[in-house]
Amino acid sequence: MTSPSHAVDWPTAAQVARRVARPGPVASRDELDELVGGLRTAAGDAVEHVLRVTRMQPVAPDLGDVRVVDRATWALANTRSMARLTDPVLHALGDEARLPESQAARLVGAAEVGGLLALLSSKVLGQFDPYGPGRPVLLLVAPNVLAAERAMGLDGPDFRLWVCLHEQTHALQFATAPWLADHLAGRLGDLLGDVTATSVGLSRAPLREKVATVGRALVDAVRGDLATPLDLVVGAEQKRRLAEITAVMALLEGHADVMMDAVGRRVVPSVRTIRARFEKRRDGEGAPRLDVVLRRLLGMDAKLAQYRDGAAFVREVRRTVGVDGLNAVWAGPENLPGEREIADPRAWVRRVHG
């Protein structure tokens, strides 16, 4: 995964994440076996339920593989996906994208990315990944699921199924719209290409300028003024492209969030308790100040807004034109909502349904 043209030594980034990531909760062998088996069962059971509540028709023969992983394995999988997404951008930009040529510089990049993945590896419950090598895969991060259900005092089997309902809805989205993965990768590649080209000057700046930039970012994070780390480098056109990607991500996250609750109490008896306690957890109630700062610095507050904006869009469209009318969104890229339509669902209904 590494060549002289790469700014990051990806295998080293994975090693850094493995070493820096905090250990998971302590559990007995029996508890771990029950957790892993329960997650695998829940992932299988969730498919039938999301097919029923979404009424979506997958084009792909199945929804992909399921893997129950630890934090280090999640980080490794993400370095591979990140490499696959960024490599075409670097090759397309040619010499202009060959930022740090030395091995030492690539190792610095690896340390930065690895540290970031180590932070995130303790927070992610599940992730559907259509960009790794081989088949699409659903990654369920067992220690984080265990830590979350303990911290919130939730029923284990209910919570595990609830998490899998969300993630299998993502898998169904990509199986129903097989063009979606390439569409998102293309839009992200365009944005990364612009950002890479315009940030070459920053990468060659003196060390003091880099430190000043990071310092300003940290101050903005503490003050709550930083919407997303990309605000440091993007211009007006790049922000427009970012808004387009954000609108699609809001749809995907909001749709999965609505559907995981739509199965109802007959499937997940404690769903209302789970939702109430999980929303408090998302809002960071009782979180240490450092954790709040990290959330802002990593753009996780923007991620939270995606869930809520997208969920509001899905609920309003479903009320207006029904579930089948909502499913028109998966027909092709032209039916995806734009930034304004996420905030104004009826505008999307008028454009798509007349």
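This text gives an overview of the structure that appears in the document. Predicted, not measured: the structure shown is a model, and the values here were computed from it.

Right, let's get into the overall build of the protein chain. Summing up its helical and strand segments, the protein chain has 15 helices and three strands in all. Every one of the 354 residues in the protein chain was classed for burial, and the buried ones make up 47%. Accessible surface for the protein chain amounts to roughly 17100 Å². Of this, 55% is attributable to carbon and sulfur atoms.

Under the criterion given, the structure shown has five aromatic pairs. A ring pair is formed by W162 and F278, whose centres lie 5.1 Å apart and whose planes are at 75°; its orientation type is edge-to-face. Separated by 116 residues along the polypeptide, W162 in helix α6 (residues 156-176) and F278 in helix α11 (residues 271-282) bring together distant segments of the chain. Ring-pair connections join several aromatic residues into one group, and the members of that group are F159, W162 and F278.

The next thing to look at is the sheet that holds strand β3 (residues 137-141). Within the open sheet, the three strands sit side by side as β1-β3-β2. Their pairing is mixed. The open sheet has two edge strands, β1 (65-69) and β2 (126-129), and neither has a second partner. Mean inter-strand twist for the sheet, computed between neighbouring axes without regard to direction, equals 20°. Strand direction decides the pairing type here: β1 and β3, joined by five bridges, are parallel. Its bridge partner being in β3, V68 is matched across the sheet by L140. Sheet contacts for helix α2 (residues 29-54): β1 and β3; angle to β1, the most-contacted strand, approximately 155°. Running at roughly 45° to β3, helix α5 (residues 142-152) makes contact with β1 and β3 of the sheet.

One turn of the α-helix equals 3.6 residues, which is why residues spaced by three or four share an orientation. In this model helix α10 (residues 236-262) runs 38 Å from its N-terminal to its C-terminal C-alpha over 27 residues, within 8% of the 39 Å that 1.5 Å per residue would give. Within two residues after α10, G264 carries a phi angle of roughly 85°, on the positive side.

Helix length check: α11, at 12 residues, gives a terminal C-alpha distance of 16 Å against a target of 16 Å (1.5 Å per residue), a fit within 8%. Taken together, the buried positions of α11 are V271, I274, R275, F278, E279 and R282. Considered in projection along α11, the buried side chains sweep an arc of 125° and stay on one side of the axis.

To continue, consider the side chain of Q168. Among the structural elements, Q168 can be located in helix α6. Assessed through its relative accessible area of 4%, Q168 is described here as buried. Among residues more than four places away in sequence, those in contact with Q168 are A43, A46, V47, V50, L63, V66 and L138.

Below, the discussion takes up the nonpolar core. F159, W162, L165, L180, V268 and W330 are the most contacted members of the largest nonpolar core, which has 62 residues in total. Examining the composition of this core, we find that 10 residues originate from one element, α6, more than from any other. Sequence-distant contacts of F159, defined by excluding residues within four places in its chain, comprise L125, V145, A148, E149, M152, L154, I274 and F278. Ranked by size, the runner-up nonpolar core spans 17 residues in total, among them V69, L117, A118 and L139.

Next up on the list: the pattern of salt bridges. What the rule picks out here adds up to 16 salt bridges. Of the charged contacts, one joins E316 and R319 as a salt bridge, the two residues approaching to 2.9 Å between their closest N and O atoms. In this pair, E316 and R319 are both assigned in helix α13 (residues 300-326), three residues apart and thus about one turn of the helix distant. Look at E316 and you get buried, because its relative accessible area is 18%. Overall, the relative accessible area of 62% leaves R319 in the exposed class. Within the structure, one salt-bridge network assembled from shared partners comprises D257, D261, R275, E279 and R308.

Cut-off values and rules
Think of each chain on its own: its residues are numbered from 1, step by step along the sequence as written. Only residues with pLDDT of at least 70 are given local features in this predicted model, and only at 80 or more are side-chain atom pairs given and counted; all residues enter the totals for whole chains, interfaces and linings. In computing side-chain values, all of the structure's heavy atoms are included and hydrogens and water are not. Comment: elements are numbered from the N terminus, with helices defined as DSSP H or I runs of at least four residues and strands as E runs of at least two. Between buried and exposed lies partly exposed: a residue is buried under 20% and exposed over 50% of the maximum accessible area for its type, with that area taken using a 1.4 Å probe on protein chains only. Throughout, the Shrake-Rupley method with a 1.4 Å probe supplies accessible areas, and for residues the shown protein chains are the sole cover considered. Here a Phe, Tyr or Trp ring, Trp counted by its six-membered ring, pairs with any other such ring whose centre lies within 6.5 Å, and the pair is stacked when the planes are under 30 degrees apart, edge-to-face when over 60, and tilted otherwise. Strands pair, by our definition, only if DSSP identifies at least two bridges between them. The angle between two axes is taken between their N-to-C directions and runs from 0 to 180 degrees, where each axis is a line fitted to C-alpha atoms and a helix contributes only its stretch in contact. It only takes one pair of heavy atoms within 4.5 Å for two residues to be counted as in contact. Residue count minus one, scaled by 1.5 Å, sets the expected span of a helix. Picture the helix axis, draw a direction to every C-beta atom, and the arc is the one those directions span. Take the buried Ala, Val, Leu, Ile, Met, Phe, Trp, Tyr and Cys residues and link them wherever side-chain atoms come within 4.5 Å; each set so joined is a nonpolar core. Whenever Lys or Arg places a side-chain nitrogen within 4 Å of a carboxyl oxygen from Asp or Glu, that contact is recorded as a salt bridge.

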